[in-house]
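# Examination of the molecular architecture
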Amino acid sequence: MQPADSTLTRLARRVVEPMGYELVGVEFFQHGTNATLRVYIDHPDGITLDDCTSVSHQLSGVLDVEDPLPGQYDLEISSPGVERPLVFPEHYARFVGRQVKMRLAEKVQGRRRLQGVLVGSDDVQVSIEVDGEVWQIPYGVIESSRLVVDW
């Protein structure tokens, strides 16, 4: 996912939030000559195909004018799904008490993967309880983080 202060995230937020949606995250990846810009949106009532189409139409117009990416790419608008990614500090604050799984960019106490209960967050780090121990994980170390579905 793109960081909160990236050009793509700021641009997507400028379009998505005034439309009444939450920007969950932005991904840009390239596979050989093919590139994809994926924007995850959410809404308390859920996300429909019409929501994705509407955001795609508005965002593609802004992307055409701003031209933040070189070359051609596919634009995809998606809901975050049930295993929602946690990207911004406000996501972590909202989901305190929920199970999460994290992949870390570097080892912390010998581990790169964690799964446990999110017990807190602030502007600098996330607190996650793993096997009865609370770990303090700085945002800069988190490579990816998602909610765990508890069916």
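Here the structure is shown first, and the text comes after it.
Treat the numbers as computed from the prediction; the structure is a model and nothing was measured.

Here the largest pocket is characterised by a volume of approximately 320 Å³. As for the largest pocket, its lining consists of 17 residues, and the residues nearest its centre are Met1, Leu86, Val87, Glu143 and Ser144. Of all the elements in the fold, those that place two or more residues in the lining of the largest pocket are α3 (89-94) and β8 (142-147). Its residues placed into classes, the lining of the largest pocket shows 11 nonpolar, 3 polar and 3 charged.

Moving on: the environment of Thr7. Secondary-structure assignment places Thr7 in helix α1 (residues 7-16). Counting along the chain gives 62 residues from Thr7 to Leu69, while the straight-line C-alpha distance between them is 9.8 Å.

Turning to the pattern of salt bridges, a few remarks are in order. Counting across every chain of the model gives 10 salt bridges. In this structure, Lys101 and Glu83 form a salt bridge, with 3.4 Å as the shortest nitrogen-oxygen distance. Taken together, the residues span a long stretch of sequence, with Lys101 in strand β4 (residues 99-108) and Glu83 in the loop between β3 (74-78) and α3 at a distance of 18 residues. In this structure, Glu143 engages Arg103 in a salt bridge whose closest nitrogen and oxygen atoms are separated by 2.7 Å.

Conventions and cut-offs
Residues numbered from 1 in each chain as written. Predicted model: local features only at pLDDT ≥ 70, side-chain atom pairs only at ≥ 80, totals over all residues. Heavy atoms only, no water. 1 Å grid on protein atoms, 1.4 Å probe; cavity = no way out; pocket = protein on both sides within 12 Å on 5 of 7 lines; lining within 4 Å. Points joined across faces, edges and corners; volume = space filled by probe spheres on them. Helix = DSSP H or I, 4+ residues; strand = E, 2+ residues; numbered from the N terminus. Nonpolar A, V, L, I, M, F, W, Y, C, P; charged D, E, K, R; others polar. Salt bridge = Lys/Arg side-chain N within 4 Å of Asp/Glu carboxyl O.

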